[in-house]
Amino acid sequence: MENGNGTNGNGHDLKSSSMGFFGRLFNIAPFEWPRVTECWLITFLFKLGSATGWTVITAAFVSRFGIQYLPMLFVMNATLIIASTFFFEQLIVRFKREILMILMLILGSLCLFFASFLYDRSAIAFFTLVIFAESFFLAQFNVFIPILVGDRFTPLESQRTFPFVESGDTIGIAIGGAIVGIFASQFPIQWFLHLWIIFLMFTILVFVIV
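Here the structure is a predicted model, which is why all the values come from computation and not from measurement.

J.: It is not clear to me how the environment of Thr203 should be interpreted in this structure. Could you clarify?
T.: Take Thr203: it is sitting in helix α7 (residues 189-209). Overall, Thr203 belongs to the buried group, its relative accessible area being 0%. Taking the C-alpha atoms as reference points, Thr203 and Leu45, 158 residues apart in sequence, are found 5.9 Å from one another. Among residues more than four places away in sequence, those in contact with Thr203 are Ile42, Leu45, Phe46, Leu105 and Phe141.

J.: Whenever I open this one, the packing of aromatic side chains confuses me. Can you help?
T.: Each aromatic ring pair is described using two quantities: the centre-to-centre distance and the angle formed by the ring planes. Enumeration according to the criterion identifies 24 aromatic pairs in this entry. Residues Phe87 and Phe88 carry aromatic rings whose centres are separated by 5.1 Å and whose planes lie at 85° to one another, so their mutual orientation is edge-to-face. Among the residues examined, Phe88 registers a relative accessible area of 4% and is labelled buried. A centroid spacing of 5.7 Å and a plane angle of 55° characterise the contact between Phe183 and Phe187, whose relative ring orientation is tilted. Chaining the aromatic ring pairs together yields one cluster made of Phe61, Phe65, Tyr119, Phe126 and Phe127.

J.: Sorry, what's going on with the nonpolar core here?
T.: General note: in soluble globular proteins, nonpolar side chains tend to be found buried as a group. Judged by nonpolar contacts, the single largest core of 58 residues is most densely connected at Ile57, Leu112, Phe126, Phe141 and Trp196. Aside from chain neighbours lying at most four places away, what touches Leu112 is Val130, Ala133, Leu138, Leu193, Trp196, Ile197 and Leu200.

J.: Would you mind showing me how to read the pattern of salt bridges here?
T.: Close approach of charged atoms allows side chains with opposite charge to pair. Enumeration according to the criterion identifies 6 salt bridges in this entry. Residue Glu157 pairs with Arg35 through a salt bridge whose shortest N-O separation is 2.9 Å. Of this pair, Glu157 sits in helix α6 (residues 155-183) while Arg35 is found in helix α2 (residues 33-65), placing the two residues 122 residues apart along the sequence. Look at Glu157 and you get buried, because its relative accessible area is 9%. Each of the salt bridges in this network shares a partner with another, and the network as a whole consists of Glu38, Glu98 and Arg152.

Rules of the game
Residues numbered from 1 in each chain as written. Predicted model: local features only at pLDDT ≥ 70, side-chain atom pairs only at ≥ 80, totals over all residues. Heavy atoms only, no water. Helix = DSSP H or I, 4+ residues; strand = E, 2+ residues; numbered from the N terminus. Buried < 20%, exposed > 50% of the residue type's maximum accessible area, 1.4 Å probe, protein only. Contact = heavy atoms within 4.5 Å. Phe/Tyr/Trp six-rings, centres within 6.5 Å; stacked < 30°, edge-to-face > 60°. Core = buried A, V, L, I, M, F, W, Y, C linked by side-chain atoms within 4.5 Å. Salt bridge = Lys/Arg side-chain N within 4 Å of Asp/Glu carboxyl O.

See the structure below:
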């Protein structure tokens, strides 16, 4: 049946009823859903990529260099995170936060893309690029996510929306771990790097579209 404007209202009614149901279930108001969806998707996609990529990279590092060098990986990771914190502290006052976060994803993706061609040629160059991408750009993006989410909601809204938004973290990590568990023995490490990049590109699309 058509409504007064000559358009079918069943789809709109179904969408409204669905949003109303989930709104009551999660105690989220209709006008909050666009912001909740944006923050949830950013968190979910980023964590999905990180869980998939970093798990495989850690396993590959141990396989190539041995478990005795694993602490070195964590030390390099922590050192680069500290360095990136000082670096981006200077940029945050000059650039809009969303633009800076998109740049982090793009630069991190480029590092991962170039690294995917180096695995069979130079293990040192491969892991250097990947660790730099994850520690300098992507780890800093992870720090910016709670700040972004906090700015999207008022303190009263945060009490209701944060638990739902943060579920994207847990779900993303769980699915990422499942992807690694299912496909680790079937695909080369370059495949997981490309998959990681795809998830990062989808995260950028969320910023642009949502």
